[in-house]
Amino acid sequence: MKDAKDVLRIVGMILLGVFVFVVAVPFVLTLVFNAVGITLGLIGFLIGLAVFLIKVAVVLAIGYLILVGIRALLR
């Protein structure tokens, strides 16, 4: 079970890194452009961020269900 916790911790860190990368890179790139680009980019960024967070939640939910299923089979 300790190995599973370690794996989950590593997966969590990787997901956090991907999240930071996905959030930071478009935000920094929009700051390079002019005010109109920033406004339109920010609106698109927020919509994209919302969609991304929904996708992450679905992936985490599926992963959790798989993990619980494996745990139930091992008992």
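Figured I'd write up the structure that's included with this text. Just so it is clear, the structure is predicted and the values come from calculations on it, not from any experiment.

The next point concerns the overall build of the protein. Within the protein one finds two helices and zero strands. Looking at the protein as a whole, 5% of its 75 residues qualify as buried. Looking at the protein as shown, the accessible area adds up to about 6200 Å², and 82% of this sits on carbon and sulfur atoms.

Turning our eyes to something else, we now look at the pattern of salt bridges. Between side chains of opposite charge, a pair can form when the charged atoms approach closely. Counted by the stated rule, this structure contains one salt bridge. Residue arginine 9 pairs with aspartate 6 through a salt bridge whose shortest N-O separation is 3.8 Å. Of this pair, arginine 9 and aspartate 6 are both found in helix H1 (residues 2-32), three residues apart, which corresponds to roughly one turn of the helix. Exposure remark for aspartate 6: the relative accessible area of 28% places this residue in the partly exposed category.

Here the focus is the environment of leucine 49. Position of leucine 49 among the secondary structure elements: in helix H2 (residues 35-74). The exposure class assigned to leucine 49 is buried, which follows from its relative accessible area of 19%. Note: C-alpha distance between leucine 49 and valine 23 (26 residues apart in sequence) is 7.3 Å. In this structure, leucine 49 is in contact with Phe19 and Val23, ignoring residues within four places of it in sequence.

Rules used in this analysis
Residues numbered from 1 in each chain as written. Predicted model: local features only at pLDDT ≥ 70, side-chain atom pairs only at ≥ 80, totals over all residues. Heavy atoms only, no water. Helix = DSSP H or I, 4+ residues; strand = E, 2+ residues; numbered from the N terminus. Buried < 20%, exposed > 50% of the residue type's maximum accessible area, 1.4 Å probe, protein only. Areas by Shrake-Rupley, 256 points an atom, 1.4 Å probe, with all protein chains shown as cover. Salt bridge = Lys/Arg side-chain N within 4 Å of Asp/Glu carboxyl O. Contact = heavy atoms within 4.5 Å.

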